[in-house]
Amino acid sequence: MTKTFPKDFIWGAAAAAHQVEGHNSNSDCWLEENVPGSPYVDKSGDSVDQYHRYREDIALMAELGLGSYRLSVEWARIEPSEGVFSDAELAHYSDVVQCCLDHGLEPLITLHHFSSPQWLLGLGGWHGERTPALFARYTERVMAMLAGRAKRVITLNECNIGVLLRSIFEQIGMVPPIGIDVRAWRAPEWREAAAKAVGTDAASYCNFQMAGDERGMATIEAAHIAARDVIRRVAPGVQVGLALALSHVQYVPEGEQQAAKAWHSNFRRWLPTMAGDDFLGLHNYTRFIYNASGPFTPPGAEMTQAGYEHTPDSLAAVVRAVAAECKLPIYVTENGLAGDDDTRRIAFVERALAGLHACVQDGIDVRGYWYWSILDNFEWVFGFGIHFGLVAVDRSTQKRTPKPSAYYYGAIARNNTLPAGAQAGRLTGDYIDMSPQLQYIPPVAEPGTVFTNVRIFDGSGSAPFAGEVRVDGQRISAVARNGAQVSHDNAKVIDGRGGLLMPGLTEAHAHLTWPTSVEKFVPGMSLPPDELALTAARNARILLDHGFTSAYSAGALGKRIEPALKDQIDSGGMPGPRLVASSVEREPPSDSALLDPGKVDEHGVGPDNVRAFVKGCKDIGAKAVKFLISGESALKPGASLELLYTEEELMAAGEAARENDLWLTGHAHAAEAVKLGVKAGFRVLYHCTYADEEALDLLESVKDQIFIAPSIGIIQATLDAAPPPHFDMTHMKQDAALVLETQKKLVPELRRRGLRLLPGGDYGFPFNPNGRNARDLELWVQHFGYTPAEALHAATALGGEIMGRGDELGQVKPGFLADLLLVDGDPTVNVAVLQNKHHLKAIMKDGRFHKAPVGV
Ligand code: BGC
């Protein structure tokens, strides 16, 4: 039986401006391709130069027999800076449109196909409050340019791309270039760099593909509706729709809710937005099958070059699923196959179209089909290596060569009929299709927490401001200032009674196994192993009780205690700060006891022994590896100026740390110790007391990689200590006085040179107990010329950085982890209030209260 389509059925092919034109240099995509750490494997560069060769391409489409070209106009060209419209670019697109018409092709215009102007990203991109209005203003200009020459307009291509990307990336096991979880969105260097280039920060950078969260989707919905309103007003006869990327959804028993959730977020949730539209642009490339834990690929599936299952029959299946729930006419504005075997493309098109024909026969209102893509082109992050085109392009000459599939598809278009023998097929496997009966039941959202009536010190060092903070799950979801409110819906509201809400503190020089604490005096430093482990756990809780939600370890008295403790804390087994765990401190073998705590018999000399130690730390799960680069005069007169390692040994430590992805931490008083530490790539150096000019210059040269903790707490405690008569501290006190005087000059100088300095003071000795850690902040104000706010910035925002999580820890900002303190009093005025734990009305770590506020 011949398979002929309805008389007015439209046959076309599609492309998008950024993918084919070349030099779209005002766009976010171009920027993202070119920043350091870009996730794009190629740069679009000249692409396939359609900007200059559109006449040739349009003529070719007409010659092949097509009736329509779906093209996008580029916002970044038309409005290169905010509010400035380019007449030349509008004239260019006017010529392109006219060229289509002159060749008998209907131009199907897409107003936005993924790429946005860079300036829009600076205004919040697809999270921006003004974005819908700005898109509407741009739409009005484009409609004026079209001047009645386009019958149909797609406002936004694949409004659900942000949602869809998550499932694709999960399924093909790829690291998401455009982000799944907040960390991946923010962490990669490229996003930081792109954000900086448009004058914003990574947390606020949101391109179209990232807008898969509620706020992004709400922005896209509003932009579509605003543009549609404009079109209705200025070009009443033009049909308007949006496009959705719709993979066909199937499931196996137990996968119902996963499937329903995918169908809901990709399709059903857009139905109200489309309610006033004239058509739906439907895109299909594959199917997704869900089980209880998510999408999976069926065993033995044929995969396309683009990394997902080859399923020509998914088009008809999804058209049927859509038609069961949406009465709008359907235009299939994208469908195609990525691959270099063009015979597979021909077979794909034939099967897909036979299926589509059956849909039409069954009365489904499908009115057109656009193959993706007319040309091999720039496939976004995947670059030029993925080939969807009907026409190949040799990019060295820009010569176009139609593939057999182009002629094959052109003949179908010309005849409005499929070749004899074209047969629809069935999707493989025994999977259940999505149906209107299967509805998504959203889980009841866990209530959030709102802190109201608080002043907020956000960690940046700037003055506190009155406002509100909302926490959902582990993270801060909103911060309001100047009388504005965050949403109070589904939240427990805490009245902070004017207290200060601030990020949790970080101890940069933590010794959880140093036994003494504010709760329990332990004479000396040694405990039997089991008591030591329990003491470390207790000290972890004590630090958290005192507002320290993070701790960077400066070494332990047992090899595996800290990794084990960290594991217990992270898995909810016991209270404690986030911990960068360490093993024992390494000191080389010698006859004298240098720093007893670190003395371990098997520490041999020479680079190989050092390497083995570092590797051993990796094996037991430590992250920070502590070396005593210099000795310690407090314990042995003059030792602070002695080097305990050779350069060769320390360089070996550096190499081994890099190989094993570990961080080196060094006890370094002597100038030479500091220099060697820097050369070997140490990430943290403590003390640095006797750094000379050369050492200071070296430190400055690595200021963005290194952290310094002067560790003044122990020094002050030594000076203050009143030991029993049998314990002679005379010499220790002399040394401490010298260190204090030296550091009073050193710290301001290091700060002047832009180094990142953090409080943290060797707490845990009998005369300097764990739990007293916040005293360092007061000492910084007293001795180093810091204001309280500056000291707090060092203990919070810089704390997040030393923990390796500066992009999500240590500040009160949306998206950051909710490690928060509610303080009765104002530490930005008197930082000493933090030393009394009773001033901490609430302590929250990871969104959960360690100490819940009482009566608020
Ligand atoms: C997009 C195109 C893309 C195509 C193939 C769609 O998601 O609209 O720009 O090239 O799929 O991956």
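Refer to the structure printed above.
For clarity, every value in this text was computed on a predicted model and none was experimentally measured.

**So, the pairing of strand 7 (residues 248–251)**
- Where burial is concerned, the two faces of strand 7 agree: the one with H248 and Q250 and the one with V249 and Y251 are both buried.
- For strand 7 and strand 9 (residues 287–291), the ladder comprises four bridges, and the chain directions are parallel. Its bridge partner being in strand 9, V249 is matched across the sheet by F288.

**Concerning the nonpolar core**
- Counting 130 residues, the largest nonpolar core has Y69, W126, V319, Y369 and I374 as the members making the most contacts within it.
- Residue contributions to this core peak at nine residues, all from helix 15 (residues 342–361).

**So, the sheet that holds strand 23 (residues 548–553)**
- One open sheet accounts for three strands, arranged 22-23-24; its pairing is parallel. Edge positions in the sheet fall to strand 22 (505–510) and strand 24 (578–580), since each of these pairs with one other strand and no more. Strand-to-strand twist across the sheet, computed as the mean angle between neighbouring axes with direction ignored, equals 15°.
- As judged from the three bridges shared by strand 23 and strand 24, these two strands associate in the parallel manner. Residue A551 lies in a different strand from strand 24, and its bridge partner there is L579.
- Here helix 26 (residues 788–802) sits on the sheet and contacts strand 22 and strand 23; the angle it forms with strand 22, its principal contact strand, is near 70°.

**Some remarks on helix 24 (residues 730–752)**
- Relative to the 33 Å expected for 23 residues at 1.5 Å per residue, helix 24 spans 34 Å between its end C-alpha atoms, a close match to the ideal helical length.
- Taken together, the buried positions of helix 24 are occupied by M732, D735, A736, V739, L740, Q743, L746, V747 and L750.
- Buried residues along helix 24 sit against strand 27 (684–687), helix 22 (693–701), strand 28 (707–709), helix 23 (713–720), strand 29 (756–757) and helix 25 (775–784).
- Immediately downstream of helix 24, the backbone of G754 shows phi near 85°, a positive value.

**So, empty space enclosed by the protein**
- According to the stated counting rule, one finds six cavities of 30 Å³ or more in the structure shown.
- As a volume, the second largest cavity reaches approximately 100 Å³.
- If you go around the second largest cavity, you meet 14 residues; those closest to its centre are E21, Q50, L71, S72 and Y93.
- If you list the elements that add at least two residues to the lining of the second largest cavity, you get helix 1 (17–20), helix 3 (50–64), strand 3 (68–72) and helix 5 (87–102).
- Class assignment for the residues of the lining of the second largest cavity results in 10 nonpolar, three polar and one charged.

**Some thoughts on the pattern of salt bridges**
- This model, assessed by the stated rule, comprises 50 salt bridges.
- Note that R130 is salt-bridged to E82, the shortest N-O span being 2.5 Å. Taken as a pair, R130 in the loop between helix 6 (118–122) and helix 7 (131–146) and E82 in the loop between helix 4 (75–78) and helix 5 lie far apart in primary sequence, 48 residues in all.
- On the basis of relative accessibility, which here comes to 42%, the residue R130 falls in the partly exposed class.
- For R753, the salt bridge identified is with E700, shortest N-O distance 2.8 Å. Taken as a pair, R753 in the loop between helix 24 and strand 29 and E700 in helix 22 lie far apart in primary sequence, 53 residues in all.
- Overlapping salt bridges bring together E693, D697, E700, E749, R752 and R753 as one network.

**A closer look at the site of the ligand**
- In the vicinity of the ligand, the residues found are Q19, H113, F114, N157, E158, Y285, E334, W372, E379, W380 and F388.
- At a separation of 2.7 Å, an oxygen atom of the ligand approaches a polar side-chain atom of Q19.
- Here an oxygen atom of the ligand sits 2.9 Å away from a polar atom, N or O, in the side chain of N157.
- Relative to its unbound accessible surface of 310 Å², the ligand loses 91% to contact with the protein.

**What about helix 20 (residues 647–659)?**
- With 13 residues, helix 20 ought to run about 18 Å at 1.5 Å a step, and its terminal C-alpha atoms sit 18 Å apart, in line with that.
- What helix 20 keeps buried is the set E649, L650, A652, A653, G654, A656 and A657.
- Considering only its buried residues, helix 20 is in contact with helix 19 (607–620), strand 25 (624–628), strand 26 (663–668) and helix 21 (671–680).
- Phi turns positive one or two residues past the end of helix 20, at D661, with a value near 55°.

**So, unusual backbone geometry**
- Of note, the amide linkage connecting W372 to S373 takes the cis form, showing an omega dihedral of 5°.
- For S373, the position within the fold is in the loop between strand 12 (366–372) and strand 13 (391–394).
- Of note in this structure, S47 is not a glycine but carries a positive phi near 50°.
- You can see S47 is positioned in the loop between helix 2 (28–34) and helix 3.
- By relative accessible area, S47 is classed as buried at 0%.
- At A147, a residue that is not glycine, the phi angle is positive and equals roughly 45°.
- Along the chain, A147 turns up in the loop between helix 7 and strand 5 (152–156).
- We classify A147 as exposed; its relative accessible area is 54%.

**Quick notes on the state of the cysteines**
- In this structure the tally under the stated criterion is zero disulfides.
- Sulfur of C29: no disulfide; nearest cysteine sulfur belongs to C206 and is 13 Å away.
- Accessibility expressed as a relative area gives 1% for C206, which makes it buried.

**Focus on the packing of helix 15 against helix 16 (residues 404–415)**
- It is the contact of helix 15 with helix 16, at a shortest axis distance of 8 Å, that shows an interaxial angle of 20°. The angle between helix 15 and helix 16 places the two elements in the roughly parallel class. Here the hand of the crossing between helix 15 and helix 16 comes out right-handed. Contacts between helix 15 and helix 16 involve D342, R345, I346, V349, E350 and L353 from the first element and P404, S405, Y408, Y409 and I412 from the second.
- Broken down by class, the residue content of the contact of helix 15 with helix 16 amounts to seven nonpolar, one polar and three charged.

The rules behind the values
Residues numbered from 1 in each chain as written. Predicted model: local features only at pLDDT ≥ 70, side-chain atom pairs only at ≥ 80, totals over all residues. Heavy atoms only, no water. Buried < 20%, exposed > 50% of the residue type's maximum accessible area, 1.4 Å probe, protein only. Helix = DSSP H or I, 4+ residues; strand = E, 2+ residues; numbered from the N terminus. Pairing = 2+ DSSP bridges. Core = buried A, V, L, I, M, F, W, Y, C linked by side-chain atoms within 4.5 Å. Axes fitted to C-alpha atoms, helices over the stretch in contact; angles between N-to-C directions. Contact = heavy atoms within 4.5 Å. Expected span 1.5 Å × (residues − 1). 1 Å grid on protein atoms, 1.4 Å probe; cavity = no way out; pocket = protein on both sides within 12 Å on 5 of 7 lines; lining within 4 Å. Points joined across faces, edges and corners; volume = space filled by probe spheres on them. Nonpolar A, V, L, I, M, F, W, Y, C, P; charged D, E, K, R; others polar. Salt bridge = Lys/Arg side-chain N within 4 Å of Asp/Glu carboxyl O. Near = heavy atom within 4 Å. Polar contact = N/O pair within 3.5 Å; in protein donor to acceptor, adjacent residues only side chain to side chain. Areas by Shrake-Rupley, 256 points an atom, 1.4 Å probe, with all protein chains shown as cover. Disulfide = S-S within 2.5 Å. Parallel < 35°, antiparallel > 145°, perpendicular 65-115°, else oblique. Left-handed = near helix turned anticlockwise from the far one by under 90°.

Read these as spatial facts, not as claims about activity.
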